[in-house]
Amino acid sequence: MRTLPKVELRSNESQEQLLRRFNKSVIKSKVLADVRRKRWFVSKSELQRIEKKKAVRRQRKAQRQRR
């Protein structure tokens, strides 16, 4: 599991700006995405099935955009 990013208060920086900077760094480090993904166990076969469905969706979307 990844560690949370750390931010330090800069001079003349408000708490809102600090929080905004922290939120951006959390999103960039993908910590929340990992937590959400690992919330439930998903078997390898289930992951393969999901990835296959995603690939089909991407192909259909690409075909629609080509027209």
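Reading the values: the criteria
- Numbers given to residues run from 1 along each chain, matching the order in which its sequence is written.
- Local features in a predicted model are, by the rule used here, given only for residues with pLDDT of at least 70; side-chain atom pairs are given and counted only at 80 or more, and totals for whole chains, interfaces and linings are based on all residues.
- Hydrogens and water are ignored here; the side-chain numbers use all heavy atoms of the structure.
- A run of DSSP states H or I qualifies as a helix once it reaches four residues; a run of E qualifies as a strand once it reaches two. Both are numbered from the N-terminal end.
- We compute the radius of gyration over the C-alpha atoms and compare it with the globule rule, which gives 2.2 Å times the number of residues raised to the power 0.38.
- To sort residues, take the accessible area from a 1.4 Å probe on protein chains only and compare it with the maximum for the residue type: under 20% means buried, over 50% means exposed, and anything in between is partly exposed.
- The protein chains shown are the only cover counted for residues, whose accessible areas, like all others here, come from Shrake-Rupley with a 1.4 Å probe.
- Counting rule applied: Lys, Arg positive; Asp, Glu negative; His and chain ends not counted.
- Where a charge sits is defined by one atom per residue type, namely NZ (Lys), CZ (Arg), CG (Asp) or CD (Glu).
- When a carboxyl oxygen of Asp or Glu lies within 4 Å of a side-chain nitrogen of Lys or Arg, that pair is called a salt bridge.
- The patches described consist of residues with a relative accessible area above 30% and no salt bridge, like charges being joined within 9 Å and nonpolar side chains (Val, Leu, Ile, Met, Phe, Trp, Tyr) within 5 Å.
- Between the first and last residue of a helix there are one fewer steps than residues, each counted as 1.5 Å, and that sum is the expected span.
- Residues count as neighbours in contact if any of their non-hydrogen atoms are within 4.5 Å of one another.
- Polar contact criterion, stated in full: a pair of N or O atoms within 3.5 Å, where within protein one must be able to donate a hydrogen and the other to accept it, and residues adjacent in sequence count only if both atoms are side-chain atoms.

### Examining the overall build of the protein chain
Next up, step 1: Helices and strands together make up the secondary structure of the protein chain, namely three helices and zero strands.
Next up, step 2: In the protein chain, the succession of α and β elements from N to C terminus is α-α-α.
Next up, step 3: Here the C-alpha radius of gyration of the protein chain, 19 Å, is well above what a compact globule of 67 residues would show, namely 11 Å.
Next up, step 4: Oriented by its inertia axes, the alpha-carbon framework of the protein chain measures out at about 50 × 35 × 10 Å.
Next up, step 5: Here the protein chain holds 67 residues, and the buried ones make up 10% of them.
Next up, step 6: For the protein chain, the accessible area works out to roughly 6900 Å², and carbon and sulfur atoms hold 52% of it.
Next up, step 7: Side-chain charges in the protein chain split into 24 positive and 6 negative, and the spacing between the mean points of these groups amounts to 12 Å.

### Topic: the pattern of salt bridges
Next up, step 1: Throughout the structure, instances matching the rule amount to four salt bridges.
Next up, step 2: When the shortest N-O distance is used, the salt bridge between Glu13 and Arg21 registers 2.9 Å.

### Observations concerning the environment of Arg36
Next up, step 1: With respect to the element layout, Arg36 can be found in helix H2 (residues 31-37).
Next up, step 2: Assessed through its relative accessible area of 58%, Arg36 is described here as exposed.
Next up, step 3: With 15 residues separating them in the primary sequence, Arg36 and Arg21 have C-alpha atoms 21 Å apart.

### What about a nonpolar patch on the surface?
Next up, step 1: Nonpolar side chains collect at one region of the surface, where Val42, Leu47 and Ile50 lie side by side and expose about 200 Å² of accessible area between them.
Next up, step 2: For Ile50, the location among the structural elements is in helix H3 (residues 44-66).
Next up, step 3: When its relative accessible area of 30% is taken as the criterion, Ile50 is described as partly exposed.

### With respect to helix H1 (residues 15-29)
Next up, step 1: Taking 1.5 Å per residue as the helical rise, H1 with its 15 residues ought to reach 21 Å, and the 21 Å between its terminal C-alpha atoms agrees with that figure.
Next up, step 2: For H1, the elements touching its buried residues are H2.
Next up, step 3: Where H1 ends, the next residue or the one after it, Lys30, has phi of about 65°, a positive value.

### Looking at the environment of Arg37
Next up, step 1: By the element assignment, Arg37 lies in helix H2.
Next up, step 2: Separated by 3.0 Å, the side chains of Arg37 and Asp34 make a polar contact.

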